[in-house]
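Structure assessment
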Amino acid sequence: MKAWAIGIAVVVLLGVLAFPFVFGPSDQQLIQQALDDSVAASREGRPGGVLEYLSHSLKYNDEAVGNRSEVATFIKNSHPQVVIENPTPTINGNTATIVSPVTLTFGLGPVGTPVRLQKVEITLSKETGTRFLILPSPKWRVSEVKADANELQGLAGF
């Protein structure tokens, strides 16, 4: 009798763990949610909301971004506004790529300096996150950003 109870408990547990992967939102929806949530958090100066969607192995123009506390401080102080003009990703397995013009607005207070980047390549990777603090769930995070560094010259932090 104990074996049956244990067997049923294991099957139910596996079902609960697999549910988000099988019946959860589509990759397209998860990517859009990640972009929307991180852009809103950035605009509001909430670094935690942005860092949640940045991979720990984040790269900018092929160089590792190692110090997440500097990223958090920059977001908190600058409230950067990011507008991705064409946020439609090309999904290939566990990676997705967005190539689009992007407008960035940096500044302190209501005064901002908008910069339009003609071509930004954003790569997202599907990683395992958590749902309800304990259940594994797929999460798309930005793993690499490529942009023309010359277009960003003269801006604080770049």
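Here the structure is a predicted model, which is why all the values come from computation and not from measurement. (Residues numbered from 1 in each chain as written. Predicted model: local features only at pLDDT ≥ 70, side-chain atom pairs only at ≥ 80, totals over all residues. Heavy atoms only, no water.)

1. Details of the overall build of the chain
We count it as follows: For helices the rule is a DSSP run of H or I covering at least 4 residues; for strands it is a run of E covering at least 2, with both sets numbered from the N terminus onward. For the exposure calls, accessible area comes from a 1.4 Å probe over protein chains only, and a residue counts as buried if that area is under 20% of its type's maximum, exposed if over 50%, partly exposed in between. Using the Shrake-Rupley algorithm and a 1.4 Å probe, accessible areas are obtained, with residue cover drawn only from the displayed protein chains.
Counting its regular elements, the chain contains 4 helices and 7 strands. Within the span of the chain, comprising 158 residues, buried residues form 32% of the whole. Total accessible area on the chain is roughly 9800 Å²; 60% of this is exposed by carbon and sulfur atoms.

2. Description of the pattern of salt bridges
Two side chains of opposite charge can pair, provided their charged atoms sit close to one another. Note the following rule: By definition here, a salt bridge exists when the distance from a side-chain nitrogen of Lys or Arg to a carboxyl oxygen of Asp or Glu is within 4 Å.
Summed over all chains, the structure comprises 7 salt bridges. Measuring nitrogen to oxygen at the nearest pair gives 3.0 Å for the salt bridge that ties Lys126 to Asp27. One end of the pair, Lys126, is in strand S6 (residues 113-131); the other, Asp27, is in helix H2 (residues 27-44), and 99 residues separate them in sequence. Residue class for Asp27 comes out partly exposed when judged on its relative accessible area of 22%. The closest approach of N and O atoms between Lys146 and Glu144, which form a salt bridge, is 3.7 Å. The exposure class of Lys146 is partly exposed, given its relative accessible area of 32%. Among the charged side chains, a network of salt bridges with common partners joins Asp62, Glu144 and Lys146.

3. Focus: the confidence of the model for the chain
Our working definition: The predictor rates its confidence in each residue with pLDDT, a number between 0 and 100.
Across the chain, the average pLDDT comes to 82, with 79% of residues at 70 or higher. For the chain, the element scoring lowest by mean pLDDT is helix H1 (residues 2-23), at 67; strand S4 (residues 90-92) scores highest, at 94.

4. A closer look at H2
What counts, and what does not: In a helix, the anticipated span is given by 1.5 Å times the number of residues less one. The arc in question is traced by the directions running from the helix axis to the C-beta atoms.
The terminal C-alpha atoms of H2, which comprises 18 residues, lie 26 Å apart, in line with the 26 Å expected from a rise of 1.5 Å per residue. For H2, the set of buried residues is Leu30, Ile31, Ala34, Leu35, Ser38, Val39, Ala41 and Ser42. Projected onto a plane normal to the axis of H2, the buried residues spread over an arc of 165 degrees and lie on a single side. Downstream of H2 by one or two residues, Gly45 has phi in the positive range, about 75 degrees.

5. Considering the environment of Trp140
Threshold: Polar contact is the term for a pair of N or O atoms within 3.5 Å; when the atoms are in protein, one must be able to donate a hydrogen and the other to accept it, and sequence-neighboring residues count only if both atoms are side-chain atoms.
Tracing the chain through its elements places Trp140 in strand S7 (residues 135-146). Take Trp140: its relative accessible area is 1%, and that puts it in the buried class. Distance from Trp140 to Asp27, taken between C-alpha atoms, is 8.1 Å for residues 113 residues apart in sequence. At 3.3 Å, the side chain of Trp140 forms a polar contact with the side chain of Asp27.

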